[in-house]
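Report on the structure
What follows is the residue order along each chain.
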Amino acid sequence: MVLERSSTSSVRQPPKFQMKIDPAVHQAVAQFKMPPELVFGETKVPVMYSAPFANGAWGGGTLEPYRPLQIDPAAKVLHYGVEAFEGMKAYRGGHNRPHLFRPEMNWRRMNRSLARLAIPELPREIFFEGLDAVTDASASLIPTGRGQSLYLRPYVFATDASLGIAGPATSYLFLVIASPAGAYQAAPMKILIEREFARAVHGGTGSVKVGGNYAAAFLSSQRAYEKGLSTTLWLDAVTHRNIEELSGMNVVFVIDGELHTPALTDTILPGVTRDSVIQLAADLGLKVHERTVDIDEIVDGIHSGRVSEAFACGTAAAVLAIERLVESDGRVHALSKSPGPIADRLKAALLDIQEGRAPDRHNWMLEVPPIAHS
Ligand SMILES: *Cc1c(COP(=O)(O)O)cnc(C)c1O
């Protein structure tokens, strides 16, 4: 089942507030010192956007210097994990103004995540106001080198100061923060096949982007790290045979030169990168199969050589090669090509569009307008 809410929901549209801009924003950006090395997600631009939801409606947004939040110790997000988020990027390399990549998909997905948590719909105007404001204010801090960008993190969480669980929360905060992102330098990944725990169940929250999914995955990540591996490959919770995805990225296998990726179900997060890679593969004349992918087929195929490549896709890394799958007892299934030529071609095709070197044939790039000052 896919939760899709029509735009004519019962939530009142926001009054057309003028966004408040704290004048200290400009000084915060001017004084910001970029660290010599960018570690993904560590450095944050010194501005943030927020908009509250209370009394049945979203209120006006504020752009201000990045600061700690004050929330009540009983805030529902802290106890019941009422939080949903997005991850997306703005690119400045190759463009005059920063451009967002397929942001409409993130807005739609965010609203599917919110709906699943019984959180009111976030209007398009507020989502984009937050992204545009943070991106424009920090445009001078977006690195422009190959593979570099501004990683944007829009998120919503419940602020109700109540430990009660009789019904959903009634007050929320929408925030946008951002992190300048260097080229993702990670080596091809070594991945733990998780045959004990499950990330998602039918009817659960696996196909929406909520913090709780990650909370449930970190013990497996820890086991992977302890073995020197990068992350977990999740299998379905019922049969423990069907490949689903990685903890924060979708997965694709190259079998006999064609792409095979798990078909989307309600236990797989529909990645914007996955969708884009499938389109780009078709553009390049590659066959793509979205289907049930059995772990035994992949393990056998790796050893017979039919599975020549495997890679992950997600916003942070774009396309990232997988070098080996590893069992919890240490047995290794090593891919013959890593990074392989198909992963390399798809990554280049994607970055070329994002960084303005290739024509944007699918209209994926959206220019960020300057902040409207009153
Ligand atoms: C965000 C995410 C992805 C990747 O989605 P993109 O839109 O491509 O960044 C994949 N799997 C999970 C579990 C995710 O949370």
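Residues numbered from 1 in each chain as written. Predicted model: local features only at pLDDT ≥ 70, side-chain atom pairs only at ≥ 80, totals over all residues. Heavy atoms only, no water.

1. What to know about the overall build of the chain
- Assigned secondary structure in the chain consists of 9 helices and 19 strands.
- Taken over the C-alpha trace, the chain has a radius of gyration of 21 Å; the compact-globule value for 374 residues is 21 Å, and the two agree within 12%.
- Along the longest, intermediate and shortest principal axes, the C-alpha atoms of the chain span 65 × 50 × 40 Å.
- Expressed as a percentage of the 374 residues in the chain, the buried residues total 51%.
- When the accessible surface of the chain is summed, it comes to about 16700 Å², and 53% of that surface belongs to carbon and sulfur atoms.
- Measuring between centres, the 37 positive side-chain charges of the chain sit 2 Å from its 40 negative side-chain charges. (Helix = DSSP H or I, 4+ residues; strand = E, 2+ residues; numbered from the N terminus. Rg over C-alpha atoms; globule rule 2.2 N^0.38 Å. Buried < 20%, exposed > 50% of the residue type's maximum accessible area, 1.4 Å probe, protein only. Areas by Shrake-Rupley, 256 points an atom, 1.4 Å probe, with all protein chains shown as cover. Lys, Arg positive; Asp, Glu negative; His and termini not counted. Charge placed at Lys NZ, Arg CZ, Asp CG, Glu CD.)

2. Describing the packing of aromatic side chains
- One pass over the structure, following the stated rule, counts 9 aromatic pairs.
- Here Tyr-155 and Phe-157 contribute two aromatic rings whose centre-to-centre distance is 5.9 Å and whose plane-to-plane angle is 25°, an arrangement assigned as stacked. Here Tyr-155 matches Phe-157 in class, with each residue buried.
- The ring of Phe-128 carries Arg-124 above its face, with NZ or CZ at 4.3 Å from the centroid. (Phe/Tyr/Trp six-rings, centres within 6.5 Å; stacked < 30°, edge-to-face > 60°. Lys NZ or Arg CZ within 6 Å of the ring centre and 35° of its normal.)

3. Thoughts on the packing of helix α7 (residues 272–283) against helix α9 (residues 341–354)
- Two elements in contact, α7 and α9, have axes whose closest approach is 10 Å; the angle formed by their N-to-C orientations is 105°. Between α7 and α9, the angle falls in the class roughly perpendicular. Contacts between α7 and α9 involve Thr-273, Ser-276, Val-277, Leu-280 and Ala-281 from the former and Leu-346, Ala-349, Leu-350 and Ile-353 from the latter.
- Of the residues assigned to the contact of α7 with α9, the class counts are 7 nonpolar, 2 polar and no charged. (Axes fitted to C-alpha atoms, helices over the stretch in contact; angles between N-to-C directions. Parallel < 35°, antiparallel > 145°, perpendicular 65-115°, else oblique. Contact = heavy atoms within 4.5 Å. Nonpolar A, V, L, I, M, F, W, Y, C, P; charged D, E, K, R; others polar.)

4. Notes on the site of the ligand
- Among the 15 residues in the neighbourhood of the ligand, the closest are listed as Lys-209, Tyr-214, Glu-245, Thr-273 and Thr-315.
- At a separation of 2.6 Å, an oxygen atom of the ligand approaches a polar side-chain atom of Tyr-214.
- Between an oxygen atom of the ligand and a main-chain N or O atom of Val-272, the distance comes to 2.8 Å.
- Compared with its free state, where it exposes 380 Å², the ligand has 97% of that area covered by protein. (Near = heavy atom within 4 Å. Polar contact = N/O pair within 3.5 Å; in protein donor to acceptor, adjacent residues only side chain to side chain.)

5. Let's talk about helix α1 (residues 24–31)
- Every buried residue of α1 is listed here: Val-25, Ala-28 and Val-29. Around the axis of α1, the buried residues are gathered within 95° of arc, so they sit on the same side. Pointing more than 90 degrees away from the buried face of α1 are the exposed residues Ala-30 and Gln-31.
- On its buried face, α1 sits against β2 (47–54), β4 (62–65) and α4 (124–137). (Arc of directions from axis to C-beta.)

6. What about the confidence of the model for the chain?
- Overall, the predicted model of the chain reaches an average pLDDT of 94, with 95% of residues at or above 70.
- Every residue in residues 1–10 scores below 50 in pLDDT, and together they form 17 contacts with partners more than four places removed in sequence or on other chains. (pLDDT = per-residue confidence, 0-100.)

7. A word on the side chain of Thr-267
- Tracing the sequence through the fold places Thr-267 in the loop between β14 (258–262) and α7.
- Owing to a relative accessible area of 1%, Thr-267 belongs among the buried residues under this scheme.
- A distance of 2.8 Å separates a polar atom in the side chain of Thr-267 from a polar atom in the side chain of Thr-265.
- Other than its neighbours up to four places away in sequence, Thr-267 contacts Arg-199, Ala-200, Val-201, His-202, Gly-206, Ser-207, Glu-244 and Glu-245.

8. Looking at α9
- Helix length check: α9 (14 residues) gives 20 Å between terminal C-alpha atoms against 20 Å at 1.5 Å per residue, within 8%.
- Within α9, the full set of buried residues consists of Ile-342, Ala-343, Leu-346, Ala-349, Leu-350, Leu-351, Ile-353 and Gln-354. (Expected span 1.5 Å × (residues − 1).)

9. Quick word on the pattern of salt bridges
- Within the structure shown, the criterion is met by 18 salt bridges.
- Where Glu-327 meets Arg-195, a salt bridge forms, and the shortest distance between an N and an O atom there is 2.7 Å. In this pair, Glu-327 is assigned in the loop between β17 (318–326) and β18 (332–334) and Arg-195 in the loop between β10 (189–194) and α5 (211–215), connecting sequence segments 132 residues apart.
- Exposure remark for Glu-327: the relative accessible area of 4% places this residue in the buried category.
- Looking at Arg-195, the relative accessible area reads 36%, which means it is partly exposed.
- Between Arg-291 and Glu-297 there is a salt bridge; the shortest N-O distance is 2.8 Å. (Salt bridge = Lys/Arg side-chain N within 4 Å of Asp/Glu carboxyl O.)

10. A look at the nonpolar core
- If you look at the biggest cluster of nonpolar residues, it comprises 42 residues, and the most contacted ones within it are Tyr-49, Leu-63, Phe-127, Val-134, Leu-152, Tyr-172 and Phe-174.
- Looking at this core, the elements that each hand over two or more residues are α1, β2, β6 (88–91), α3 (103–116), α4, β8 (149–158) and β9 (172–181).
- Tallying contributions element by element places α4 first for this core, with 7 residues.
- Look past the residues within four positions of Tyr-172 in its chain and what remains in contact with it is Ala-51, Pro-52, Phe-53, Trp-58, Val-82, Ala-118, Ile-119, Pro-120, Val-156, Phe-157, Ala-158 and Thr-159.
- Counting 24 residues, the second-largest nonpolar core is a separate cluster that includes Ile-255, Ala-310, Leu-320 and Leu-325. (Core = buried A, V, L, I, M, F, W, Y, C linked by side-chain atoms within 4.5 Å.)

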